[in-house]
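Chain residues, written in single-letter form:
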Amino acid sequence: MRTDCRPLIVTPWDRQALQLLANGLTTDDMAADLGVSARECETLLANLFAVMGAATQAEAIADADRRGLLSAATTTASAA
């Protein structure tokens, strides 16, 4: 997880990928939704995790939720 205080800048595409990840989609399903190959989706996630300082998907989702990058419907559903 990032320890510096600089703001995290994510693109709308990054945000959508985080949302899909939080919704529990597989990489293949995410790729289909984003209109890219599974390999490109994996690269997107790896780069996004690096920027976020997240070592795991769970860390990335928790950080995105804490920063308000996920929709309320997802955070409510994942908490249930």
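Please refer to the structure placed before this passage.
What comes next concerns the included structure. Since the model is a prediction, treat every value here as computed from it, not as a measurement. (Residues numbered from 1 in each chain as written. Predicted model: local features only at pLDDT ≥ 70, side-chain atom pairs only at ≥ 80, totals over all residues. Heavy atoms only, no water.)

**Regarding the packing of helix H2 (residues 27-34) against helix H3 (residues 38-52)**
- Between H2 and H3, the least distance of the axes is 8 Å, while the angle of their chain directions is 100 degrees. By the angle between their directions, the pair H2 and H3 is classed as roughly perpendicular. Here Thr-27, Asp-28, Met-30, Ala-31 and Leu-34 of H2 come into contact with H3, specifically with Ala-38, Cys-41, Glu-42, Leu-44 and Leu-45.
- Looking at side-chain class alone, the contact of H2 with H3 contains seven nonpolar, one polar and two charged residues. (Axes fitted to C-alpha atoms, helices over the stretch in contact; angles between N-to-C directions. Helix = DSSP H or I, 4+ residues; strand = E, 2+ residues; numbered from the N terminus. Parallel < 35°, antiparallel > 145°, perpendicular 65-115°, else oblique. Contact = heavy atoms within 4.5 Å. Nonpolar A, V, L, I, M, F, W, Y, C, P; charged D, E, K, R; others polar.)

**Some words on the packing of helix H1 (residues 12-22) against H2**
- Following both chains from N to C, one finds H1 and H2 inclined at 140 degrees, their axes separated by 10 Å at the closest point. On the basis of the axis angle, H1 is oblique to H2. Of the two elements, H1 crosses H2, and the hand of that crossing is right-handed. Listed contacts from H2 to Trp-13, Gln-16, Ala-17, Leu-20 and Leu-21 of H1 are Met-30, Asp-33 and Leu-34.
- Here the contact of H1 with H2 is built from residues that sort into six nonpolar, one polar and one charged. (Left-handed = near helix turned anticlockwise from the far one by under 90°.)

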